[in-house]
Amino acid sequence: PAGNELQISYALTATQAVTVSLTNVTGQLVAKKDMGNTAAGNAVFNTSALPAGVYIYTLEANGERTTGHVSIVH
């Protein structure tokens, strides 16, 4: 679970344009970060203003998506 900050780490096999987004369970986009052209990094989101609950993160690079779930608790 995440508290006031959510960190999503990633490592790719090649440098690519990376975008990381966070949506709530109804599919509403609540945050998005353009990480630029990179092969690895950490997307950090301030979640202090978000209600506690389950959120879905999506990492997009080179036309492919990876998703996961995270719980935010305060």
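Up top is the structure.
Residues numbered from 1 in each chain as written. Predicted model: local features only at pLDDT ≥ 70, side-chain atom pairs only at ≥ 80, totals over all residues. Heavy atoms only, no water.

Caption draft 1: Quick look at the packing of aromatic side chains. Counted according to the given criterion, the structure contains zero aromatic pairs. Between the NZ or CZ atom of Lys33 and the centre of the ring of Phe45, over which it lies, the distance is 5.7 Å. (Phe/Tyr/Trp six-rings, centres within 6.5 Å; stacked < 30°, edge-to-face > 60°. Lys NZ or Arg CZ within 6 Å of the ring centre and 35° of its normal.)

Caption draft 2: Structural context of the pairing of strand S3 (residues 53-61). Of the pairings in the sheet, the one linking strand S1 (residues 5-24) to S3 comprises seven bridges and is antiparallel in character. The residue bridging Thr19 from the neighbouring strand is Glu60, located in S3. Relative to strand S4 (residues 64-72), S3 runs antiparallel, the two sharing nine bridges. By the bridge assignment for S4, Ala61 is matched with Glu64. Between S3 and S4, which pair antiparallel one after the other, the connecting turn spans two residues, and Asn62 there sits at a positive phi close to 55°. (Pairing = 2+ DSSP bridges. Helix = DSSP H or I, 4+ residues; strand = E, 2+ residues; numbered from the N terminus.)

Taken by themselves, the reported measurements are silent on function.
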